[in-house]
Amino acid sequence: MTAAAQGIGRASALALADAGATVFATDINEDALASLKTERSSITPLRLDVRDPASIATVRERTGPVEILFNCAGTVHQGALLECDDDAWAFSLDLNVTAMFRMIRTYLPAMVEQGRGSIINMSSVAGAVKGVANRAAYCATKAAVAGLTRSVAADYVTTGVRCNAICPGTVETPSLHDRMRAQGDYEKARAAFIARQPMGRLGTPEEIAALVVYLASDASAYTTGQLHIIDGGWTA
């Protein structure tokens, strides 16, 4: 799995380990990854830059074939289309979509050969389900993740490989806190995020991790090509 150092990725790594999986937890933040190993002996931390094909190839050599691939890495660019320059657009596309394409392309052949595999892609309610203001690049890339997910599911449905996407609403993560601080008034920004949630609260990484475990397991063996919305009623 990618982006395992914090937030949803970290919670998912721990939850998968607790469910009995042997987890290869990857990220560019090696210091944060290291503590995962001390928490669960079944977790192996590996440095991975998902934007670097050579780094992906090196990690594939370390892990060998896997039965589960969770593509969690991503970025949130804030701004409407006219506030998104070429560099921000390219970075968003590279990290949110192209890196995922490369990870799937790297691990899918062995899944097909072994006749078994679950690919889980991190999409979002924003873009994949609804338009959200001031998230032009993010919405576009998360919509692309939804399309990629459905395409992989349709192409490989007869091979035993499943591919699903998770579409969270707003989740309490370190990256969200960073974006709140970047707006200049943390408390005001936090209040605004909470105000748009029908439940009156943000989601937790552990709640998303529970869905990851379900999609990774045989309990979801009849499920593929689906966008799993977990947003506290935001799109109800």
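Residues numbered from 1 in each chain as written. Predicted model: local features only at pLDDT ≥ 70, side-chain atom pairs only at ≥ 80, totals over all residues. Heavy atoms only, no water.

Asker: Explain the packing of helix 1 (residues 7-18) against helix 9 (residues 205-216) here, please?
Answerer: In a packed pair of helices, the relevant descriptors are the angle between the two axes and the axis-to-axis distance. At their nearest, the axes of helix 1 and helix 9 sit 8 Å apart, and the two run at 50° to each other. Classified by the angle between their axes, helix 1 and helix 9 sit oblique to one another. Classified by chirality, the crossing of helix 9 by helix 1 is right-handed. Each of Gly 7, Ile 8, Ala 11, Ser 12, Ala 15 and Leu 16 in helix 1 lies in contact with helix 9, whose residues at this interface are Pro 205, Glu 206, Ile 208, Ala 209, Val 212, Val 213 and Ala 216. Among the residues making up the contact of helix 1 with helix 9, the classes are represented as ten nonpolar, two polar and one charged. (Axes fitted to C-alpha atoms, helices over the stretch in contact; angles between N-to-C directions. Helix = DSSP H or I, 4+ residues; strand = E, 2+ residues; numbered from the N terminus. Parallel < 35°, antiparallel > 145°, perpendicular 65-115°, else oblique. Left-handed = near helix turned anticlockwise from the far one by under 90°. Contact = heavy atoms within 4.5 Å. Nonpolar A, V, L, I, M, F, W, Y, C, P; charged D, E, K, R; others polar.)

Asker: Explanation requested: the packing of helix 7 (residues 174-182) against helix 8 (residues 186-195) in the structure shown.
Answerer: Viewed as axis vectors pointing N to C, helix 7 and helix 8 meet at an angle of 120°, and their least axial separation amounts to 7 Å. Classed by the angle they form, the pair helix 7 and helix 8 counts as oblique. In this structure, helix 7 meets helix 8 at a crossing whose hand is right-handed. Contacts from Leu 176, His 177, Arg 179, Met 180 and Arg 181 of helix 7 reach helix 8 at Tyr 186, Ala 189, Arg 190 and Phe 193. Here the contact of helix 7 with helix 8 is built from residues that sort into five nonpolar, one polar and three charged.

Asker: Looking at this structure, I do not really get helix 3 (residues 53-63). What am I missing?
Answerer: Helical geometry: 3.6 residues make up each α-helical turn, so side chains three or four residues apart lie on a common side. Turning to helix 3, its buried residues are Ser 55, Ile 56, Val 59 and Thr 63. Each buried residue of helix 3 sits inside an arc of 100° when the element is viewed along its axis, so together they form one side. Summarising the contacts, the buried residues of helix 3 are in contact with strand 1 (23-27), strand 2 (43-47) and helix 4 (86-114). The N-terminus of helix 3 is capped by Asp 52, whose side-chain oxygen sits 3.0 Å from the backbone nitrogen of Ala 54. (Buried < 20%, exposed > 50% of the residue type's maximum accessible area, 1.4 Å probe, protein only. Arc of directions from axis to C-beta. Polar contact = N/O pair within 3.5 Å; in protein donor to acceptor, adjacent residues only side chain to side chain.)

Asker: Quick question: what am I supposed to make of the sheet that holds strand 6 (residues 227-230) here?
Answerer: The strands that make up a sheet pair up through hydrogen bonds in the backbone, lying either parallel or antiparallel. Taken in spatial order, the four strands of this open sheet run 3-4-5-6, and their pairing is parallel. At either margin of the open sheet sits one strand with a lone partner, and together these are strand 3 (68-71) and strand 6. Averaged over all neighbouring strand pairs, the angle between strand axes comes to 20°, with direction disregarded. The pairing of strand 5 (residues 161-168) with strand 6 spans four bridges and is parallel. When the bridges of strand 6 are listed, Ile 166 appears paired with His 228. (Pairing = 2+ DSSP bridges.)

Asker: It is not clear to me how the pattern of salt bridges should be interpreted in this structure. Could you clarify?
Answerer: Working definition: two side chains of opposite charge can pair if their charged atoms are close together. Tallied over the entire structure, the rule returns ten salt bridges. For the salt bridge of Arg 116 with Glu 67, the shortest nitrogen-to-oxygen distance reads 3.1 Å. Of the two residues, Arg 116 is situated in the loop between helix 4 and strand 4 (117-122) and Glu 67 in the loop between helix 3 and strand 3; the sequence distance between them amounts to 49 residues. A salt bridge links Arg 201 to Glu 207; the shortest N-O distance between them is 2.8 Å. Here Glu 207 falls in the partly exposed class, since its relative accessible area comes to 32%. Put simply, Arg 51, Asp 94 and Arg 102 are held in one network by salt bridges that share partners. (Salt bridge = Lys/Arg side-chain N within 4 Å of Asp/Glu carboxyl O.)

Asker: Would you mind going over the pairing of strand 4 with me for this structure?
Answerer: Side chains on a regular strand alternate between the two faces of the sheet. Along strand 4, six of the six residues are buried, which leaves the element largely enclosed by surrounding structure. Residues Gly 117, Ile 119 and Asn 121 line one face of strand 4 and the alternating positions Ser 118, Ile 120 and Met 122 line the opposite face, and both faces are buried. Here four bridges tie strand 3 to strand 4, and the two strands are oriented parallel to one another. Note on strand 4: the bridge partner recorded for Leu 69 is Ile 119. Following the backbone out of strand 3, through helix 4 and into the adjacent parallel strand 4, one traces a crossover that is right-handed. As judged from the six bridges shared by strand 4 and strand 5, these two strands associate in the parallel manner. Within strand 5, the position partnered with Ser 118 by the bridge is Arg 162. (Right-handed = clockwise from strand over helix to strand, strands pointing away.)

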